[in-house]
Amino acid sequence: MAAVQESTYSDAEVAERLQQILPRWRFEDGWIRRKYKTNSWKGTLMVVNTVGHLAEAAWHHPDLTVSYAWVEVRLKTHTAKGITDKDFELARKIEEVVQWQPAKEGGALEGTPKDDMRFAYIKYD
């Protein structure tokens, strides 16, 4: 079974797509990147586990840098040696899930209390 050739985007195309669909992500050193700020180690672990689940389900794995109050996610397609649709799709899903705020949707889910820092775990953009 032959490997499928994946198309990569030029640097200019990556920058344009990020601006259009992922404005909080940046392109640097051949990776698309996003730093998520958290309120504590607990929040950092929640982000890491969320990204890990999404990446494993997608079978496309980011590089992560993890610190007490932040997580940096870096994506590129190693087999293609560049940025492909896989990277943009996984980045969009990560952004959607990590930045999800149920209270803003107006449904039954209220989200974490905004005025009690004991429950804060991520710093939403």
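Rules and cut-offs
- Residues numbered from 1 in each chain as written.
- Predicted model: local features only at pLDDT ≥ 70, side-chain atom pairs only at ≥ 80, totals over all residues.
- Heavy atoms only, no water.
- Core = buried A, V, L, I, M, F, W, Y, C linked by side-chain atoms within 4.5 Å.
- Buried < 20%, exposed > 50% of the residue type's maximum accessible area, 1.4 Å probe, protein only.
- Helix = DSSP H or I, 4+ residues; strand = E, 2+ residues; numbered from the N terminus.
- Salt bridge = Lys/Arg side-chain N within 4 Å of Asp/Glu carboxyl O.
- Axes fitted to C-alpha atoms, helices over the stretch in contact; angles between N-to-C directions.
- Parallel < 35°, antiparallel > 145°, perpendicular 65-115°, else oblique.
- Left-handed = near helix turned anticlockwise from the far one by under 90°.
- Contact = heavy atoms within 4.5 Å.

A. Highlighting the nonpolar core. Counting 21 residues, the largest nonpolar core has Trp25, Ile32, Val73 and Ile94 as the members making the most contacts within it. When residues of this core are traced back to their parent elements, those giving at least two are helix H1 (11-21), strand E2 (31-37), helix H2 (41-58), strand E4 (70-75) and helix H3 (85-98).

B. Here's a closer look at the pattern of salt bridges. The full count for this structure, using the stated rule, is twelve salt bridges. One salt bridge connects aspartate 125 with arginine 24, and the closest N-O pair in it is separated by 3.7 Å. With a gap of 101 residues between them, aspartate 125 in the segment after H3 and arginine 24 in the loop between H1 and strand E1 (26-28) connect regions that are remote in the sequence. Among the salt bridges present, the one from aspartate 125 reaches arginine 34, with a minimum N-O distance of 2.2 Å. Taken together, the residues aspartate 125 in the segment after H3 and arginine 34 in strand E2 connect sequence positions 91 residues apart. Through salt bridges with shared partners, one network takes in Arg26, Glu28, Asp29, Arg33, Glu72 and Arg74.

C. Geometry of the packing of H1 against H3. At a minimum axis separation of 12 Å, H1 and H3 run at an interaxial angle of 20°. Here H1 lies roughly parallel to H3, going by the angle between them. For the pair H1 and H3, the sense of crossing is right-handed. Of H3, the residues touching H1 (which contributes Val14, Arg17, Leu18 and Ile21) are Asp85, Phe88 and Arg92.

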